[in-house]
Amino acid sequence: MIIHFKKEIGSEKANQYGEQLAAFIIEKDDKFVAVTSSNVKEIDSSLAADSLESFVFENDLQLSARSYMNHTREVRIGNITIGGKTNNTLVIAGPCSVESEEQIRQSSAFLKELNLTTLRGGCYKPRTSPYSFQGLGLEGLKLLKKMKDEYGLNIITEVRDATHVHEVIEYSDVIQIGAKAMYDQGILRACAKTQKPVLIKRGFGTTLQEFAQCAEFVLSGGNDNVILCERGIRTFETKTRFTLDLCGVAFLKRYTNLPLVLDPSHAMGHAYGVPDLTRACVAMGIDGLLIEVHPNPKVAKSDATQQLDRQEFKELLSTLSPIAASVGRKIV
């Protein structure tokens with residue numbers, strides 16, 4: 001249940017109500033928001049005089065529910081806003097991993113040439129094998145910050161675990177919580193204490209309910225800037241890396257109020273299929289794309305098979321605006 005309390009009651013009384021209800025208390029400009037378990041279905045009569053309105057839910061999708069907020073939340077990334085009524089579809093591109101200054105500089109210059117604003121690149125890589133490239137860590141974050149300063153790009157990079165979450169928060173513009181870290185409450189709660197955008201990737205064995213409830217950890221801590229990212233789920237199919245759940249995207253658009261970004265690169269796992277899958281994503285009327293592009297995919301230290309080269313990406317990008325326009329959106 002969510003209860004809106006009058007701002008006039010003050011922080012002390014709001015916190016007292018929070019303890020009474022075992023609720024999270026979020027202070028807004030015009031009210032206090034109390035969020036308790038969905039098992040609570042009615043307001044105690046002693047609270048009624050100080051409350052403005054209340055919302056009852058079937059389950060613990062509450063702050064993220066469209067039945068609570070009947071529009072997509074706006075999230076600002078640098079000078080670009082997605083969600084709300086913007087109708088923007090943000091293209092986020094760059095290599096899977098930051099490998100060297102030369103590689104990430106080439107990638108940054110390429111995005112700048114295409115008038116794109118947001119660079120992705122992993123510095124802490126949660127690899128399946130301990131013998132695979134694990135990322136440059138803090139050195140990589142500093143390289144991304146250097147590219148941000150030189151090229152004016154927004155930076156999105158991934159948190160592997162809670163040991164370095166504060167470094168990623170410091171250096172990035174968007175904090176990416178990867179599929180393997182989606183349940184890490186240390187990461188989620190740290191991200192709840194910042195106001196930077198947080199992009200949460202769906203775990204490849206995660207239900208839609210579980211996925212959206214991870215966002216509740218961040219939202220209930222007071223950070224409204226949460227984005228969901230569908231990146232494919234594991235099925236019986238072996239010819240693609242994962243299966244991109246566009247049915248799930250339709251559900252999330254209807255029942256949650258969070259912007260949606262899709263990652264066709266990880267879902268497909270093979271560069272040849274990424275362009276067609278990306279076009280299908282855009283036709284869903286989504287808020288963003290996360291696409292892996294490398295100066296020379298053949299020598300990439302991680303996920304080499306799924307990364308586009310620069311020419312492939314340019315050709316793909318040129319096809320997206322008409323599709324976006326057909327569903328009332330624009331590529332940014």
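Here, every reference points to the structure presented above.
Just so it is clear, the structure is predicted and the values come from calculations on it, not from any experiment.

S.K.: Could you give an account of the layout of surface pockets, naming the residues involved and the relevant values?
M.R.: Quantified by volume, the largest pocket comes out at close to 450 Å³. Together, 22 residues line the largest pocket, and P126, T128, K180, R241 and H266 are the ones closest to its centre. When its residues are assigned to classes, the lining of the largest pocket shows five nonpolar, six polar and eleven charged. Here the second largest pocket is characterised by a volume of approximately 320 Å³. For the second largest pocket, the lining is made up of 16 residues, of which F24, D60, Q213, E216 and F217 are closest to its centre. Among the secondary structure elements, those contributing two or more residues to the lining of the second largest pocket are α5 (185-192) and α6 (208-219). Counting residues per element, the lining of the second largest pocket draws most heavily on α6, which supplies five residues.

S.K.: Hey, could you go over the nonpolar core for me, with residue numbers and the actual values?
M.R.: Of all hydrophobic cores here, the largest spans 74 residues; its most connected members are I200 and F313. The leading source of residues in this core is α6, at six residues. The residues touching F313, leaving out its near neighbours within four places in the chain, are V91, A93, F110, L114, L116, I291, V293 and L308. I80, I82, L90 and I227 belong to the second-largest nonpolar core, a separate cluster that totals 14 residues.

S.K.: So what's going on with the packing of helix α9 (residues 274-283) against helix α10 (residues 310-326)? Which residues, and what values?
M.R.: Between α9 and α10, the least distance of the axes is 9 Å, while the angle of their chain directions is 25°. Between α9 and α10, the angle is such that the two are roughly parallel. When the axes of α9 and α10 are compared, the crossing they make is right-handed. Across the interface between the two elements, P275, T278, R279, V282 and A283 of α9 pack against L316, T319, L320, I323 and A324 of α10. A per-class count over the contact of α9 with α10 returns seven nonpolar, two polar and one charged.

S.K.: Residues and numbers for the side chain of Q103, please.
M.R.: Position of Q103 among the secondary structure elements: in helix α2 (residues 101-113). Here H294 takes part through its side chain, which lies 3.5 Å from a polar atom of the side chain of Q103. Once residues within four sequence positions are removed from consideration, Q103 is found in contact with P95, S97, V98, H294 and P295.

S.K.: Can you lay out the pairing of strand β12 (residues 226-230) for me, pointing to particular residues and giving the numbers?
M.R.: Within β12, five of the five residues are buried, leaving the element largely enclosed by the surrounding structure. Burial along β12 is two-sided: V226, L228 and E230 facing one way and I227 and C229 facing the other are all buried. The pairing of strand β11 (residues 198-201) with β12 spans four bridges and is parallel. Residue pairing for β12: K201 is matched across the bridge by C229. Assessed by its sense of winding, the connection that carries the chain from β11 through α6 to β12 is right-handed. In the sheet, β12 pairs with strand β13 (residues 260-262) via three bridges, with the strands oriented parallel. When the bridges of β13 are listed, L228 appears paired with L260. Note on the crossover from β12 through helix α7 (residues 246-255) to β13: the handedness is right-handed.

Each value, and the rule that gives it
Residues numbered from 1 in each chain as written. Predicted model: local features only at pLDDT ≥ 70, side-chain atom pairs only at ≥ 80, totals over all residues. Heavy atoms only, no water. 1 Å grid on protein atoms, 1.4 Å probe; cavity = no way out; pocket = protein on both sides within 12 Å on 5 of 7 lines; lining within 4 Å. Points joined across faces, edges and corners; volume = space filled by probe spheres on them. Nonpolar A, V, L, I, M, F, W, Y, C, P; charged D, E, K, R; others polar. Helix = DSSP H or I, 4+ residues; strand = E, 2+ residues; numbered from the N terminus. Core = buried A, V, L, I, M, F, W, Y, C linked by side-chain atoms within 4.5 Å. Buried < 20%, exposed > 50% of the residue type's maximum accessible area, 1.4 Å probe, protein only. Contact = heavy atoms within 4.5 Å. Axes fitted to C-alpha atoms, helices over the stretch in contact; angles between N-to-C directions. Parallel < 35°, antiparallel > 145°, perpendicular 65-115°, else oblique. Left-handed = near helix turned anticlockwise from the far one by under 90°. Polar contact = N/O pair within 3.5 Å; in protein donor to acceptor, adjacent residues only side chain to side chain. Pairing = 2+ DSSP bridges. Right-handed = clockwise from strand over helix to strand, strands pointing away.

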